[in-house]
Amino acid sequence: MKKILLIISAMLFLCSCAKKENVSAYRQQVYKDPILQRVVSRVSDVKKYQIGYPVNEDADLTDYYKWIDDIGLTDTVLNNVGNPFNSTMKFGTHEVEKWVIDWFAPKYGFEEGEYWGLVSASGTDGNNHGIYFGRNYLEKKTGKKPVMYVSDESHYSNMRLADLQNIDLKLIKTDKMGRMLPEDFKAQMDVTRPALVVYSMGSTFKGAIDDQKAINEIIDNAKFPAVFRHVDAALFGGYLPFSDRKEMVDKRVYPFDSIAISGHKFFGVDEPCGIFLTTMEVFNNQKDFNITYLNGNMPMINCSRSATNPLKFYWLINKYGEEKYKQDVKNIKENTKYLIDELNKIGYNSFVNDDSNTVIFKRPSQEIMDKYLLAAGQDDEYGDLAHIVVMQSVTKEKIDQLIQDIKNSDKK
Ligand SMILES: *Cc1c(COP(=O)(O)O)cnc(C)c1O
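Everything numeric here is computed off the predicted structure, so don't read it as measured data.

**Q** Would you take a moment to explain the overall build of the protein for this structure?
**A** From N to C terminus, the protein includes 13 helices and 13 strands. In terms of its C-alpha atoms, the protein occupies a principal-axis envelope of roughly 90 × 65 × 35 Å. Among the 412 residues that make up the protein, the fraction classed as buried is 49%. In the protein, the share of contacts with a sequence separation of at least 24, taken over all contacts with a separation of at least 6, comes to 72%. In the form shown here, the protein has an accessible surface area of approximately 20900 Å², with 53% of it arising from carbon and sulfur atoms.

**Q** So what exactly am I meant to see when it comes to the site of the ligand here?
**A** Residues in close proximity to the ligand include Ser122, Gly123, Thr124, Asn127, His155, Gly202, Asp232, Ala234, Leu235, Ser262, His264 and Lys265, which together make up its full environment. The separation between an oxygen atom of the ligand and a polar side-chain atom of threonine 124 is 2.6 Å. Within the side chain of histidine 264, an N or O atom sits 3.2 Å from an oxygen atom of the ligand. Within the complex, the protein chains bury 85% of what would otherwise be the 390 Å² of accessible surface of the ligand.

**Q** Please clarify how the pairing of strand E12 (residues 375–379) should be interpreted in this entry.
**A** Each regular strand displays side chains that alternate between the two surfaces of the sheet. Going residue by residue along E12, you find Ala375, Gly377 and Asp379 tucked away on one face and Ala376 and Gln378 left uncovered on the opposite face. Bridging between E12 and strand E13 (residues 383–389) involves five bridges; their strand directions are antiparallel. Paired with glutamine 378 across the bridge in E13 is aspartate 384. Linking two consecutive strands that pair antiparallel, namely E12 and E13, is a turn of three residues.

**Q** Just to check I follow, could you spell out the pattern of salt bridges for this structure?
**A** Side-chain pairing between opposite charges can occur once the charged atoms of the two side chains come close. All told, the structure shown has 27 salt bridges when counted by the stated rule. The salt bridge partner of arginine 305 is glutamate 97, with a shortest N-O separation of 2.7 Å. You can see arginine 305 sitting in the loop between strand E9 (296–297) and helix H11 (308–345) and its partner glutamate 97 sitting in helix H4 (residues 94–104), a full 208 residues away along the chain. The buried category is assigned to arginine 305, whose relative accessible area is 9%. Residue glutamate 97 is classed as buried on the basis of its relative accessible area of 0%. Glutamate 139 is the salt-bridge partner of arginine 135, the closest N and O atoms lying 3.3 Å from each other. Pair noted here: arginine 135 and glutamate 139 are both in helix H5 (residues 123–142), with a separation of four residues, about one helical turn. Comparing arginine 135 with glutamate 139 shows no difference in burial state: the two are buried.

**Q** Looking at this structure, how should I read the sheet that holds strand E10 (residues 350–351)?
**A** Strand pairs in the sheet, formed through backbone hydrogen bonds, run parallel or antiparallel to each other. Spatially, the four strands line up as an open sheet ordered E10-E11-E13-E12, and their pairing is antiparallel. Each edge of the open sheet is held by one strand with a lone partner, namely E10 and E12. Examined bridge by bridge, E10 and strand E11 (residues 358–362) share two bridges and lie antiparallel to one another. Of the residues in E11, the one forming a bridge with phenylalanine 351 is isoleucine 360. Seen against the sheet, H11 touches E10, E11 and E13 and runs at an angle of roughly 5° to E11.

**Q** For this particular structure, what's the right way to read the nonpolar core?
**A** Side chains of a nonpolar character, in soluble globular proteins, are inclined to be buried together. In this structure, Phe104, Ile259, Leu277 and Phe313 are the most contacted members of the largest nonpolar core, which totals 43 residues. For this core, the secondary-structure elements that each account for two or more residues are helix H3 (62–70), H4, strand E1 (115–120), helix H9 (236–239), strand E6 (258–262), strand E7 (274–279) and H11. Looking at this core, the element that brings in the most residues is H11, giving seven residues. In contact with phenylalanine 104, not counting residues within four places along its chain, are Phe267, Ile275, Leu277, Phe313 and Ile317.

**Q** Would you explain the packing of H11 against helix H13 (residues 396–411) in this entry?
**A** A pair of packed helices can be characterised by two numbers: the angle between their axes and the separation between those axes. For the pair H11 and H13, interaxial distance at closest approach is 10 Å and the crossing angle is 15°. One finds that H11 runs roughly parallel with respect to H13. Seen from above, H11 lies across H13 with right-handed handedness. Contacts between H11 and H13 involve Glu334, Asn335, Tyr338, Leu339, Glu342 and Leu343 from the former and Lys396, Ile399, Asp400, Leu402, Ile403 and Ile406 from the latter. Grouping the constituent residues of the contact of H11 with H13 by class yields seven nonpolar, one polar and four charged.

**Q** Can you walk me through the sheet that holds E1 in this structure?
**A** Here we have seven strands laid out as an open sheet, ordered E1-E7-E6-E5-E4-E2-E3, and mixed in their pairing. The open sheet terminates on both sides in strands that have one partner only, identified here as E1 and strand E3 (168–172). Geometrically, the sheet is characterised by an average inter-axis angle of 15° between neighbouring strands, direction not taken into account. Relative to E7, E6 is paired through five bridges, and the arrangement is antiparallel.

**Q** Got a minute to help me understand a nonpolar patch on the surface in this structure?
**A** A cluster of nonpolar residues, Ile35, Val39 and Val43, forms a patch on the protein surface that exposes about 240 Å² of accessible area. Counting through the fold element by element, valine 39 comes out in helix H2 (residues 34–49). Residue valine 39 is classed as partly exposed on the basis of its relative accessible area, which comes to 33%.

Definitions and limits used
- Residues numbered from 1 in each chain as written.
- Predicted model: local features only at pLDDT ≥ 70, side-chain atom pairs only at ≥ 80, totals over all residues.
- Heavy atoms only, no water.
- Helix = DSSP H or I, 4+ residues; strand = E, 2+ residues; numbered from the N terminus.
- Buried < 20%, exposed > 50% of the residue type's maximum accessible area, 1.4 Å probe, protein only.
- Contact = heavy atoms within 4.5 Å.
- Areas by Shrake-Rupley, 256 points an atom, 1.4 Å probe, with all protein chains shown as cover.
- Near = heavy atom within 4 Å.
- Polar contact = N/O pair within 3.5 Å; in protein donor to acceptor, adjacent residues only side chain to side chain.
- Pairing = 2+ DSSP bridges.
- Salt bridge = Lys/Arg side-chain N within 4 Å of Asp/Glu carboxyl O.
- Axes fitted to C-alpha atoms, helices over the stretch in contact; angles between N-to-C directions.
- Core = buried A, V, L, I, M, F, W, Y, C linked by side-chain atoms within 4.5 Å.
- Parallel < 35°, antiparallel > 145°, perpendicular 65-115°, else oblique.
- Left-handed = near helix turned anticlockwise from the far one by under 90°.
- Nonpolar A, V, L, I, M, F, W, Y, C, P; charged D, E, K, R; others polar.
- Patch = residues over 30% accessible without salt bridge, like charges linked within 9 Å, V, L, I, M, F, W, Y side chains within 5 Å.

Structure representation (structure tokens):
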């Protein structure tokens, strides 16, 4: 008996050595892999300079990855398939996902027990759920197909999703700052059919916030069969709750039915994800998809969903917390103002919308555009433009460097 045990232990030991050796041999190979080397050198540089895209490059998950390694989860397949509010899955992190949703819901004015949500795959995925839930809700309430209204400066995902879901779409014109024009909404609205209104909170290029108050007033005075409001707050929905303008995303102040926020923007989760939230009233008026092998109703669009994104979200929220986010917002505001002043000083007239961190200015040379990964835009009123999104990682030092580079580039 002892002998057998000894042999088994020896075999196990040899296996584990073989496994370790394999890993290290493969690693050695990986470090020499030309494709991976190219990618690594490119992306490590990006972090140093990129200021054109709205991502928080400061959030650090090093200790998260160490923890995953410590607890031996690096070779386990996890999946959050199913409903985090009614979990039956053993190999997922639904408790953590639910915790994350519960942490966010009150920040947007959702009352306890009156909301449903999930950690989505992205801002676009959140918009997809908002538009899909809105359309089902309106059809169920009225028996009529809705018309969707969104501004022509809104993120393209909204137009794409209306097309994908085969919903009639009215593109509402915008003012020169990129906000939906209430008078054009009024001119285009069709009160014979239910309205699915998508508000932009941070239009893509100019960072404009639609005037919910003005448009809601028009809606209140019109006689739509029913109305559903989805807020596309991918970027601004991240920081507004921690600013002195938190009422802008509070559904008790501006009544909306669903909201989408990105996780990789303000919060800096290192891969695409987001938050989608809606009310129980909306949730309870959806089409049923009862899936026996998943032991229940599948309300969300996606089957398999990331189980690690909720973990990372949980990790970051607990590591940084509300006070840090409030401080981030203060720094972002201060640096936004600093950037505008510095650009104006060198003759690059710039502007920014209220409550926005997206600074728009006269487009600099291609050299600067490339180095800082700036997004290009074009406008009838202002001509060729570029924008910088002042996230946590856009510091005064980075701004000084940019200004110096623009000056040098213009001298050439
Ligand atoms: C970034 C953004 C999106 C797209 O979100 P993803 O997370 O990239 O899918 C949609 N709408 C707005 C307002 C955005 O800022």
